[in-house]
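# Chains, contacts and geometry: an overview
Next come the chains, spelled out residue by residue.
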Amino acid sequence: MTVMGSVFRVLAATAATLLAVTAAAPVAQAKPEPKAPSGFVALRSVDPTIIQEMRYPTGHDFMGVPVDGYRQSLCILTRPAAEALHRAQVRLLAQGYSLKVYDCYRPQRAVDHFVRWAKDLGDDTMKGEFYPQVDKTRLFADGYIAEKSGHSRGSTVDLTLVRLPALPTRPYRPGEKLVPCYAPQAERFPDNSVDMGTGFDCFDTLSHTDDPRIQGVQRANRQFLKQTLTDAGFVNLAEEWWHYTFKPELFPDTYFDFPVARRSVAGH
């Protein structure tokens, strides 16, 4: 046998061995993304008139980065909660107002992202706007961050009121000067909503729905929102004027983790 023939025989044997090993190795299967159960819908499929300004897929939130699990700018809710918002919206449109949602269903992976951020005491990028008077070491103790959120059950929504016709809200520019969320409306980040006394996600006691320091038009706006949503079956969280949960909840004990994406509710 020639030297060249020996080389070919060795190469052929090596290739056969590699093929055998590859065939025997288990094939890694990508874990499929969880999808929403049939009780969930995209809010637009129930009421396309409700304004959506979803904050967590953007960098304009208290962390300064898009939040894990928000694949698209989309409000997802349980169907009963979405239908209740529709009933409230019909009443508001007749009075020259619209609802605007900031956050709806929130996957558990997003809540986990909040928790990791809260434990990173060196990251205070957005402190000047969202928590100017709160030490970051107090976020858990003061209840601003928790390891579970009612939003993950799908019947909780963060929202406000907009006077019609609605003016557009300009995009947030990363790195722009931050103004405290409790500053006068003309000074803080421009929002096309009515004046509620603070911006959305303001970590401050002024965000408490019935804080006695909030008076005049600001208090009237909060009470108008509260009464409208209470009549539609929602319950307000006293510490956050924007936070409402539809009762009874369709999934009162389940914290979901499917991503915020159209495919999660496709066909619902």
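Residues numbered from 1 in each chain as written. Predicted model: local features only at pLDDT ≥ 70, side-chain atom pairs only at ≥ 80, totals over all residues. Heavy atoms only, no water.

### Here we look at the overall build of the protein chain
Put simply, the rule is: Every helix listed is a DSSP run of H or I at least four residues long, and every strand listed is a run of E at least two residues long, numbered separately from the N terminus. Burial classification: accessible surface area is computed with a 1.4 Å probe over protein chains only, and a residue below 20% of its type maximum counts as buried, one above 50% as exposed, and the rest as partly exposed. Using a 1.4 Å probe, accessible areas were evaluated by the Shrake-Rupley method; residue-level cover was limited to the displayed protein chains.
Within the protein chain, the regular secondary structure consists of six helices and seven strands. Traced from its N-terminal end to its C-terminal end, the protein chain shows the element sequence α-β-α-β-β-α-β-α-α-β-α-β-β. Residues classed as buried in the protein chain amount to 46% of the 268 residues present. Surface exposure of the protein chain reaches about 13,400 Å², of which carbon and sulfur atoms provide 59%.

### Some thoughts on the state of the cysteines
Quick note on the threshold: The definition used for a disulfide is geometric: two cysteine sulfur atoms within 2.5 Å.
Scanning all chains against the criterion turns up two disulfides. The residue that forms a disulfide with Cys75 is Cys104, at a sulfur-sulfur distance of 2.0 Å. Here the disulfide of Cys75 and Cys104 is left-handed, its torsion about the S-S bond being about -105°. Within this pair, whereas Cys75 is found in the loop between β2 (51-52) and β3 (76-78), its partner Cys104 is found in the loop between β4 (97-103) and α4 (108-119), the two being separated by 29 residues in sequence.

### Considering the environment of Met126
Operational definition: Contacts between residues were defined by any pair of non-hydrogen atoms, one from each residue, lying within 4.5 Å.
Tracing the chain through its elements places Met126 in the loop between α4 and α5 (127-130). The spatial distance from the C-alpha of Met126 to the C-alpha of Val179 is 9.8 Å, given a sequence separation of 53 residues. Among all residues touching Met126, those that are not within four sequence positions of it are Gly59, His60, Asp61, Phe62, Met63, Gly64, Tyr131, Tyr172 and Leu178.

### Some details on the sheet that holds β4
Here is the rule we go by: Strands were regarded as paired on the criterion that DSSP finds at least two bridges between them. Comment: axis = line fitted to C-alpha atoms, over the contacting stretch for helices; angle = value between 0 and 180 degrees taken between N-to-C directions.
An order of β2-β4-β5-β7-β6 is seen for the five strands of this open sheet, with the pairing classed as mixed. Because the sheet does not close on itself, it has two edges, and the strands there are β2 and β6 (234-236). Relative to strand β7 (residues 243-246), strand β5 (residues 156-163) is paired through three bridges, and the arrangement is antiparallel. Counted as the bridge partner of Thr156 is Thr245 from β7. Across the sheet, helix α3 (residues 79-93) touches β4, β5, β6 and β7, and the angle it forms with β4 is around 145°.

### Things to note about the packing of aromatic side chains
Each pair of aromatic rings is reported with the distance of its centres and the angle of its planes. For clarity, the cut-off: Two aromatic rings from Phe, Tyr or Trp, using only the six-membered ring of Trp, form a pair when their centres are within 6.5 Å; if the ring planes differ by under 30 degrees the pair is stacked, by over 60 it is edge-to-face, and anything between is tilted.
The tally for this structure, following the rule as stated, stands at 23 aromatic pairs. Between the aromatic rings of Tyr56 and Phe62, the centroid separation amounts to 6.2 Å while the plane-to-plane angle is 80°, which identifies the pairing as edge-to-face. We note that Tyr56, like Phe62, is buried. When the ring of Tyr97 is compared with that of Phe224, the centres are 5.1 Å apart and the planes differ by 75°; the resulting orientation is edge-to-face. In this pair, Tyr97 sits in strand β4 while Phe224 sits in helix α6 (residues 216-231), placing the two residues 127 residues apart along the sequence. Taken together, the ring pairs connect Tyr56, Phe62, Tyr70, Tyr102, Phe114, Trp117, Tyr131, Tyr144, Phe200, Phe203, Trp241 and Trp242 into an aromatic cluster.

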